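Here's the letter readout for the chains.
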Amino acid sequence: MPGLLRGVARTAVVAGTATAVSNRVSRRQAGRWAQQDMAAAEQYAPPPPQAAAPPPPAPAVDMSSKIDQLKELGQLKEQGVLTEEEFAAQKSRILGS
């Protein structure tokens, strides 16, 4: 009977060791395959979207066009089309822009 018990114990140890080694090999292979899949996915992935370019700055209004607008306002005020308040409001709008 001791020989039979020893044989069963040896079989259990061998089977347990084989299972542990098999599990470890499986995990290592799965890790390697995951790395390969990630590399392949990065290779075929579309490029990340780029941030939208900022809008171009508004075109600068040159001083001569402002002067022309102010002259027109002055003429409208002299003709009586604009009141003093309307003239001041329009003048501040032109100079503020």
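Read on for an overview of the structure. This is a predicted model, so every value here is computed, not measured.

### A closer look at the overall build of the protein
From N to C terminus, the protein includes three helices and zero strands. Along the protein, helices and strands appear, N-terminal first, in the series α-α-α. Looking at the protein as shown, the accessible area adds up to about 8600 Å², and 62% of this sits on carbon and sulfur atoms.

### Observations regarding the packing of helix H2 (residues 63-79) against helix H3 (residues 84-96)
Two numbers describe how H2 lies on H3: the axes approach to 10 Å, and their chain directions differ by 175°. In this view, H2 runs roughly antiparallel relative to H3, as classed from their interaxial angle. Here Lys66, Gln69, Leu70, Leu73, Gly74 and Lys77 of H2 come into contact with H3, specifically with Glu84, Phe87, Gln90, Lys91, Ile94 and Leu95. Grouping the amino acids of the contact of H2 with H3 by side-chain chemistry returns five nonpolar, three polar and four charged.

What counts, and at which threshold
Residues numbered from 1 in each chain as written. Predicted model: local features only at pLDDT ≥ 70, side-chain atom pairs only at ≥ 80, totals over all residues. Heavy atoms only, no water. Helix = DSSP H or I, 4+ residues; strand = E, 2+ residues; numbered from the N terminus. Areas by Shrake-Rupley, 256 points an atom, 1.4 Å probe, with all protein chains shown as cover. Axes fitted to C-alpha atoms, helices over the stretch in contact; angles between N-to-C directions. Parallel < 35°, antiparallel > 145°, perpendicular 65-115°, else oblique. Contact = heavy atoms within 4.5 Å. Nonpolar A, V, L, I, M, F, W, Y, C, P; charged D, E, K, R; others polar.

Don't take any of this as a statement about function, it's just geometry.
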